[in-house]
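Coordinates in review
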Amino acid sequence: MPPKKRGPLQTVQRDTDVIKRKVDALVQQAAQPDGSDCTEIFERCKELKRAVEEITKTLKKLSKADEPAPVGNYDQCKRDEEKRLLNLHERLQSLALQLQPQDEIAGPSSSQREQKSDEENSDEKDESSEEEDSEEEEVHDDDDDDADSDDEDTDISQTATGQETVSYVALSAFTGEEEGDLGIQKGEVLKVLSKNKDGWWLAQNSNGQKGLVPKTFLKMYLNSQSSQKDSGRENEDEEESEEEQESDIKSSKTSNWNTVRKAVTEIDATDVLSAMGAIPPGFRPSNLSRHLEEGTSYRASHFIQPKLSQSQLSFQDLHMDPDTGKVHGRPSRVSLTLTLWSCRMIPSPGVGLQVLSRHVRLCAFNGTQVLSNIHTVRATYNFKSQKTWSFSPRMTGMLPCLLDGECFLRCDSESPDLGILFELGVTYIRNSTGERGDLSCGWAFLKLFDESGAPITLRTQELTIHGGTPFERDTDMDTTSTKRGYPTGVFQQMLLSRKMPKLVVKLKSVNSRSRVLLNLLPDTIVGSLSTVHLLATYRQILADALLLDRVTMCNADLICSSVLASFPDVVDQPDLMDAFRKSWTESESNLRRSDKRDINVLKQMFVSVYMASVFPLLYSAEMPTPCWADEEVESQRARIIYSPSQKISVETMLSSQCSHQAFDITQVTYDLISRAQH
């Protein structure tokens, strides 16, 4: 009976087994202190490395179609074989570094050194010129190493013969969990021998121990580059005295400690939390939260203002209809409503953090910059299922706009990549230090136009949440190590897709009544759908003051109006907007049906309700300053807003018993030059 024919994959497995036995024997021989020939072992090590590289190339070219017979779980077997070969390559590389002759590490090979020693007395000038050339090559190689060390995505760093390794500082202590891991302490200086795509780097400590360390625990040791350059300069300057060399050594030691201390103390908070395992690897500092903290440029109070035209003498998005005396509605390129349904499989921070708020921030985005204001919707979750977020919870009474998942978006950008950016975020406080911060749990981008420029279909969208930031690519959200591989079967991929973080959003077309109100708003703005009628009425009052009441269009005098001056500040405070909505609804219920359609009646009611309910609260000394995700401040503000005993009105503000903020002219005057968008 003829022998059974082996497939290509089985042949590679058999060759790998043979190589593994040879490597084990070579490692044992190198460990014996019997004075074995290191040069012979070093040459055998290089031969085995070349054999491993050839087998790896052969393995990468294989495919399932090359097998003469079906092979179960072929892809998994192939990945396992690649890991075995990579492990063998790393072992051989570490062994080669141990056995490598010192003269090869310094520069020229040993044979060249022997030739130089034989010809030392014959030609000293040639020898000095060769040494200068070799030193220049060393400096050039060091520069190449420094440039390559910045790239963390290379499979294996350039640590071959004749090149030096790069030093890193440990950000936090790491205890090896598996065989082959290297335990490190905070502030320890390590040499990185190789870098793998899965994030586990082969490092060596000062005692010569080698092992795998996660790259998130390491930060580049900056003084390694300067010390390499300094060593090159010292080799070139042979005429320096011994006293200067000793002073240089002392200063280098001092600078080394300063570098280590700076690297340990000045560490980004996210790097520390990631190294501690308090946050998943895909978490980043919140970009949209940082934009909101920079000022009012990305807030609704800025985008609700009129935008000046190019001539600065008229308004680009605010026009009056001469026939009706109302604001002329302007359609925008994108005008839609959307509903945030839920988020599922969102990773939770670790036990060292207390989450103060889970929220979604959304805005118009073209792939490179934020085009609109940033709107925030706070999410609710169940303690039994903390990875699932929900919106618009059921409650008695009026739903706060901060919890309302019903939103609108208008944008007039002509960018073909226009879409909606969703950033899932958490506001946290560290239990150990009390430090507050905002983290991004991931992001999703919904492009609103296809490749042909046509709008996408308005339907329910299930968006995949990506880790990192919108400017990073292929950042994983889950914490599963890539060393275990990914499933390739159809059923396994279906199971994996159910575990991927998702955001469910429903896009809807605007009904006729909402479209009329949205067309009165600025061309670009994002907000809660429950506040559209208030924003539209404010724009009507703003148009009367800017287009009808001014003497000329060139007049830029201050306009005496408390509503125009202070309402934009209220737009940025959701609890005051809820109080305004509540008072507006109560007053509107007493109007007749004909009055509800009369814009003049609505404008008068807007002014009276606003001045009676919201304006006194805005400038009350008892009202705490708004603080995002501060439960104590939010409860104090709610008690003042809704408590009948502490209700503040214009009459109480004028009494001597009520304390209020010091009067400022900006509270009652509207400055067109400073408020309008330019």
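See the structure printed just above.
Anyway, here's the lowdown on the structure attached to this text.

**Thoughts on the overall build of the protein chain**
The helix and strand inventory of the protein chain stands at 22 helices and 19 strands. Out of the 678 residues in the protein chain, the part that is buried amounts to 42%.

**Thoughts on the nonpolar core**
Counting 53 residues, the largest nonpolar core has F567, F606 and Y610 as the members making the most contacts within it. Examining the composition of this core, we find that 10 residues originate from one element, helix α14 (residues 532-548), more than from any other. Not counting residues within four places of it along the chain, the set of residues in contact with F606 comprises L534, T537, Y538, I541, V563, F567, F580 and W584. Within the second largest apolar cluster, 38 residues are counted, among which are F283, L362, F449 and I465.

**So, the pairing of strand β3 (residues 200-204)**
Taking burial as the measure, the 5 residues of β3 include 5 buried ones, the bulk of the element. In β3, alternate side chains face the same way, and those of W200, L202 and Q204 on one face and W201 and A203 on the other are all buried. Note that strand β2 (residues 189-195) and β3 share 4 bridges and pair antiparallel. Of the residues in β3, the one forming a bridge with S194 is L202. Inspection of the sheet shows β3 paired to strand β4 (residues 210-214) by 5 bridges, in the antiparallel sense. Note on β4: the bridge partner recorded for L202 is L212.

**Thoughts on the packing of aromatic side chains**
In the structure shown here, the tally under the stated rule is 14 aromatic pairs. Plain terms: the ring middles of F567 and Y610 are 6.0 Å apart, the flat faces sit at 70° to each other, and that makes the pair edge-to-face. Of this pair, F567 sits in helix α15 (residues 562-571) while Y610 sits in helix α18 (residues 599-613), and the two are 43 residues apart along the sequence. Relative accessible area serves as the criterion here: at 0%, F567 is assigned to the buried category. Judged by centre distance (5.6 Å) and plane angle (65°), the rings of F580 and Y610 are edge-to-face. Taken together, the positions of F580 in helix α16 (residues 574-588) and Y610 in helix α18 put the pair 30 residues apart, joining distant regions of the chain. There is no split in this pair, since F580 and Y610 are both buried. Three or more aromatic residues joined by ring pairs make a cluster, and in this case those are Y538, F567, F580, W584, F606, Y610, F615 and Y619.

**As for the sheet that holds strand β14 (residues 436-447)**
Each strand in a sheet pairs with another by means of backbone hydrogen bonds, the pair being arranged parallel or else antiparallel. Read across the open sheet, the 5 strands follow the order β6-β14-β13-β8-β9; overall the sheet is antiparallel. Edge strands, defined here as strands with exactly one partner in the open sheet, are β6 (284-285) and β9 (375-378). Where strand β13 (residues 419-430) lies against β14, 11 bridges are found, and the strand directions are antiparallel. Following the sheet pairing, I429 is matched in β14 by R436.

**A closer look at the side chain of Q540**
Residue placement: Q540 occurs in helix α14. Within the structure, the side chain of Q540 is placed 3.4 Å from the backbone nitrogen of V327, a separation counted as a polar contact. Residues contacting Q540, with those up to four places away along its chain left out, are K326, V327, L520, I599 and K603.

**Here's the deal with the pairing of β13**
In terms of burial, β13 is a largely internal element, 11 of the 12 residues being buried. Note that strand β8 (residues 353-365) and β13 share 12 bridges and pair antiparallel. When the bridges of β13 are listed, L353 appears paired with R430. Where β13 folds back on β14, the antiparallel hairpin that results is connected by 5 residues, among which G434 adopts a positive phi of roughly 75°.

**What about unusual backbone geometry?**
Phi at M345 takes a positive value of approximately 60°, unusual for a residue other than glycine. Relative to the assigned elements, M345 resides in the loop between β7 (334-344) and β8. The class for M345 is partly exposed, based on a relative accessible area of 29%. Residue S392 is not a glycine yet carries a positive backbone phi of 50°. Taking relative accessible area as the criterion, S392 reaches 27% and is therefore assigned partly exposed.

**Topic: the packing of α14 against α15**
Between α14 and α15, the shortest axis-to-axis distance is 11 Å and the interhelical angle comes to 155°. Our classification of the angle between α14 and α15 gives roughly antiparallel. Here the hand of the crossing between α14 and α15 comes out left-handed. When α14 is examined against α15, the residues L534, L535, Y538, I541, L542 and A545 are found in contact with a partner set consisting of V563, L564, F567, P568 and V571. A breakdown of the residues in the contact of α14 with α15 according to their chemical character gives 11 nonpolar, no polar and no charged.

**As for a nonpolar patch on the surface**
Among the surface-exposed residues, L558, F663 and I665 lie close enough to one another that they form a single nonpolar patch of about 340 Å² accessible area. One can find I665 in the loop between α21 (650-654) and β19 (669-670). A relative accessible area of 46% means that I665 is categorised as partly exposed.

Quick notes on the rules
- Residues numbered from 1 in each chain as written.
- Predicted model: local features only at pLDDT ≥ 70, side-chain atom pairs only at ≥ 80, totals over all residues.
- Heavy atoms only, no water.
- Helix = DSSP H or I, 4+ residues; strand = E, 2+ residues; numbered from the N terminus.
- Buried < 20%, exposed > 50% of the residue type's maximum accessible area, 1.4 Å probe, protein only.
- Core = buried A, V, L, I, M, F, W, Y, C linked by side-chain atoms within 4.5 Å.
- Contact = heavy atoms within 4.5 Å.
- Pairing = 2+ DSSP bridges.
- Phe/Tyr/Trp six-rings, centres within 6.5 Å; stacked < 30°, edge-to-face > 60°.
- Polar contact = N/O pair within 3.5 Å; in protein donor to acceptor, adjacent residues only side chain to side chain.
- Axes fitted to C-alpha atoms, helices over the stretch in contact; angles between N-to-C directions.
- Parallel < 35°, antiparallel > 145°, perpendicular 65-115°, else oblique.
- Left-handed = near helix turned anticlockwise from the far one by under 90°.
- Nonpolar A, V, L, I, M, F, W, Y, C, P; charged D, E, K, R; others polar.
- Patch = residues over 30% accessible without salt bridge, like charges linked within 9 Å, V, L, I, M, F, W, Y side chains within 5 Å.
- Areas by Shrake-Rupley, 256 points an atom, 1.4 Å probe, with all protein chains shown as cover.
- Salt bridge = Lys/Arg side-chain N within 4 Å of Asp/Glu carboxyl O.

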